[in-house]
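Results of the structural survey
The chain contents come next:
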Amino acid sequence: MRETYRIGNAQSIGSYQVQSNYFSTKRNETGTLSVLADGTIDHINGRRCAVLATEICMQVFCSLFPNIEPGPLFDTVERKVLQEMRTFLFLGKTPYLSLSMQWISHGELFYYTVGQNRAFLFDGRDFKWLAERSGSVTIRRGMTAGLISCGVYEALHEREMVAYLREKGHPYGRAQQMIAGVRDKNRKKAGNATVVLVEVCL
């Protein structure tokens, strides 16, 4: 039986003038890819950097489909992002890129993250940070994989995130609640905050 997934996302610009977080998700008959990029700068170049990195991830994903292998996918994306960043030299402020990817297929979650983003897995009770740069873990029905930018974990404690993740309903609603919680902190120097959730529901 084919796996199905429910996807939720939400973001806030915080106190910044420019939203430098960019994300995308894509599903096919074999799995789901989610990507989160953060230009980490309150400047249009940060936004451009995040958009470029995310679009490259999706282009590589589509070019490799249907023969998706997480290792080559992540390696190809990393090389292409670096190459494109060198080709399109930004004038003025240079962003510091954070990039995270998760590929869920056939009961396994493959992940890659560099920079200040964080990846996690929640099984309905226990919460686990995926702290290594890349790796894989088993994922089953009812579990939720997540990507968050630094604006989220700087505002919310782990126990607060777990409380939001335990709420009933669609992952979209839970992501919205998490970002509402970030905004409720009303921090003067709040940065961009983004949540991307993928729940395995079959």
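Just above sits the structure.
Not measured: the values here are computed from a predicted model.

**So, the overall build of the chain**
- From N to C terminus, the chain includes five helices and ten strands.
- In terms of overall dimensions, the chain is globule-like: its C-alpha atoms have a radius of gyration of 16 Å, near the 17 Å expected for 202 residues.
- Dimensions of the chain along its principal axes, counting C-alpha atoms only, are 50 × 40 × 25 Å.
- Residues classed as buried in the chain amount to 50% of the 202 residues present.
- Restricting to contacts in the chain with at least 6 residues of sequence separation, those with at least 24 account for 70%.
- Total accessible area on the chain stands at roughly 10,100 Å², and carbon and sulfur atoms take up 48% of it.
- Computed over 25 positive and 19 negative side-chain charges, the inter-centroid distance for the chain is 4 Å.

**What about the pairing of strand E3 (residues 32-38)?**
- Counting buried residues in E3 gives seven out of seven residues, a clear majority hidden from the surface.
- Taking every second residue as pointing to the same face, both faces of E3 are buried, with Thr32, Ser34, Leu36 and Asp38 on one and Leu33, Val35 and Ala37 on the other.
- One ladder, built from seven bridges, connects strand E2 (residues 21-27) with E3; its direction is antiparallel. The partner of Phe23 across the bridge, within E3, is Leu36.
- The antiparallel pairing of E2 with E3 creates a hairpin that spans four residues between the two strands.

**Side note on the sheet that holds E2**
- Strand order in the open sheet formed by five strands is E2-E3-E4-E5-E8, and the pairing between neighbours is antiparallel. The strands lining the two open edges of the sheet, one partner per strand, are E2 and strand E8 (134-138). Looking at each pair of strands side by side, their axes are set apart by 10° on average, direction ignored.
- Here helix H1 (residues 44-64) sits on the sheet and contacts E2, E3 and strand E4 (98-105); the angle it forms with E2, its principal contact strand, is near 15°.

**Structural notes on the nonpolar core**
- In this structure, Leu73, Val77, Val81 and Leu99 are the most contacted members of the largest nonpolar core, which totals 24 residues.
- Going through the elements one at a time, E3, H1, helix H2 (70-87), E4 and strand E5 (108-114) are the ones with two or more residues in this core.
- Top contributing element to this core by residue count: H1, with nine residues.
- Beyond its immediate chain neighbours, meaning those up to four positions away, Leu73 contacts Leu33, Val60, Phe61, Leu64 and Ile68.
- One finds Ala10, Tyr153, Val182 and Val195 within the second-largest nonpolar core, a separate group that totals 20 residues.

**Thoughts on the environment of Thr94**
- Looking at where Thr94 falls in the secondary structure, it is placed in the loop between H2 and E4.
- Along the primary structure Thr94 and Asn45 are separated by 49 residues, whereas in three dimensions their C-alpha atoms are 6.8 Å apart.

**Considering helix H4 (residues 158-165)**
- Listed as buried for H4 are Met161, Val162 and Leu165. On an axial view of H4, the arc spanned by its buried residues comes to 100°, and they lie on one face.

**Details of unusual backbone geometry**
- Positive phi outside glycine occurs at His106, with the angle close to 50°.
- Within the secondary structure, His106 is located in the loop between E4 and E5.
- A positive phi angle, close to 50°, is found at Asn186, a residue other than glycine.
- By the element assignment, Asn186 lies in the loop between helix H5 (171-184) and strand E10 (193-200).

Calculation notes
- Note on numbering: residues in each chain are counted from 1, in written sequence order.
- Where local features are concerned, this predicted model is filtered to residues with pLDDT of at least 70; where side-chain atom pairs are given and counted, the filter is 80 or more; whole-chain, interface and lining totals use all residues.
- Derived side-chain values reflect all non-hydrogen atoms in the structure, with water molecules and hydrogen atoms excluded from consideration.
- Helix and strand assignments come from DSSP, with helices taken as H or I runs of at least 4 residues and strands as E runs of at least 2, each series counted from the N terminus.
- The globule rule used for comparison is 2.2 Å times the number of residues to the exponent 0.38, while the radius of gyration itself is calculated over C-alpha atoms.
- Three exposure classes are used, based on accessible area relative to the maximum for each residue type with a 1.4 Å probe and protein chains only: buried under 20%, partly exposed in between, and exposed over 50%.
- The contact criterion used is simple: two residues touch if any of their non-hydrogen atoms lie within 4.5 Å.
- Per-residue and other accessible areas were derived by the Shrake-Rupley procedure at a 1.4 Å probe size, with only the shown protein chains allowed to occlude residues.
- For the purpose of charge, His is not counted, nor are the chain termini; Lys and Arg are scored as positive and Asp and Glu as negative.
- By convention, the point assigned to a charge is CZ for Arg, NZ for Lys, CD for Glu and CG for Asp.
- Strands qualify as paired when DSSP identifies two bridges or more between them.
- As a rule, the C-alpha atoms of each element are fitted with a line to give its axis, helices using only the stretch in contact, and angles between N-to-C directions run from 0 to 180 degrees.
- Residues enter a nonpolar core if they are buried and are Ala, Val, Leu, Ile, Met, Phe, Trp, Tyr or Cys, with the set joined through side-chain atoms within 4.5 Å.
- Note that the arc is defined by the directions from the helix axis to the C-beta atoms.

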